[in-house]
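# Reading the structure
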Amino acid sequence: MDFDYVPFGNAFVEIKECADPKNDYSCWKRKCGLGATPPIPSDCFTGPINCQHGSGECYGNLVEVCVKNMTNNNPWKYMPFVDCFEAHEPGAGSKAHMEKCAKQYNLSPTAIASCESGPTGKALMAVAARTTVMVKGMDYVPYFTLNGKVLKNSDNLLEAVCNDWEGTKPPGCK
């Protein structure tokens, strides 16, 4: 089974060709995304990232791409962290909450913070941006892909995974 979670949402990269007043997601997607007409602007994936819900969301996205990378993109290892980090409780998504969830799942808070604030985090976000803007049919968030297909309803993620599972179903599917 092939599962991927891309923590980028409706964020966009600010590019010169979409300077004020049009620097928005739609312009970026049109200039840099699937079906964009060449030449593609050179700053499509290198400029500042603007997140739909502000800097807290950008921090969360950075933390999550770093954790994905630290766990070798293994959803069995990174999704429990993501679930904890995005929990609906006071402080969720904060640095203190990241540290709590990291310790709970045997991850290094120091390594996550180093990745999130450094060049590795920036490079991983550029990959997330490129991945997101190139997905055909991605017109909502959060979005997940399962066996190469975008799931239209992430509320039924477990059900979709269990339905696509080949062989003996894991305990969560029974």
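Further up the page is the structure itself.
Note that the structure is a prediction, hence the values are computed from the model and not measured.

## Quick look at the sheet that holds strand E4 (residues 144-146)
Within the open sheet, the three strands sit side by side as E1-E4-E5. Their pairing is antiparallel. If you trace the sheet from one side to the other, it starts and ends with strand E1 (3-5) and strand E5 (149-150), each paired once.

## Quick notes on helix H6 (residues 119-133)
Compared with an ideal rise of 1.5 Å per residue, which puts 15 residues at 21 Å, H6 spans 21 Å between its outermost C-alpha atoms and is within 8% of the ideal. Every buried residue belonging to H6 is among Gly121, Leu124, Met125, Ala126, Ala128, Ala129, Thr132 and Val133, and all of these are buried. Where H6 is buried, its residues contact strand E2 (12-13), helix H1 (25-32), strand E3 (49-50), helix H2 (55-70) and helix H5 (109-117).

## Some remarks on the packing of aromatic side chains
One pass over the full model with this rule turns up six aromatic pairs. Look at Phe8 and Trp28: their rings are 6.0 Å apart centre to centre, the planes differ by 40 degrees, and that puts the pair in the tilted class. In this pair, Phe8 sits in the loop between E1 and E2 while Trp28 sits in helix H1, placing the two residues 20 residues apart along the sequence. The exposure class assigned to Trp28 is buried, which follows from its relative accessible area of 0%. Grouped by ring-pair contacts, the aromatic residues Phe8, Tyr25, Trp28 and Phe45 constitute a single cluster.

## Details of the environment of Ser55
Locating Ser55 in the fold gives a position in helix H2. The sequence separation of Ser55 and Val135 amounts to 80 residues, and the corresponding C-alpha distance is 24 Å.

What counts and how
Residues numbered from 1 in each chain as written. Predicted model: local features only at pLDDT ≥ 70, side-chain atom pairs only at ≥ 80, totals over all residues. Heavy atoms only, no water. Pairing = 2+ DSSP bridges. Helix = DSSP H or I, 4+ residues; strand = E, 2+ residues; numbered from the N terminus. Expected span 1.5 Å × (residues − 1). Buried < 20%, exposed > 50% of the residue type's maximum accessible area, 1.4 Å probe, protein only. Contact = heavy atoms within 4.5 Å. Phe/Tyr/Trp six-rings, centres within 6.5 Å; stacked < 30°, edge-to-face > 60°.

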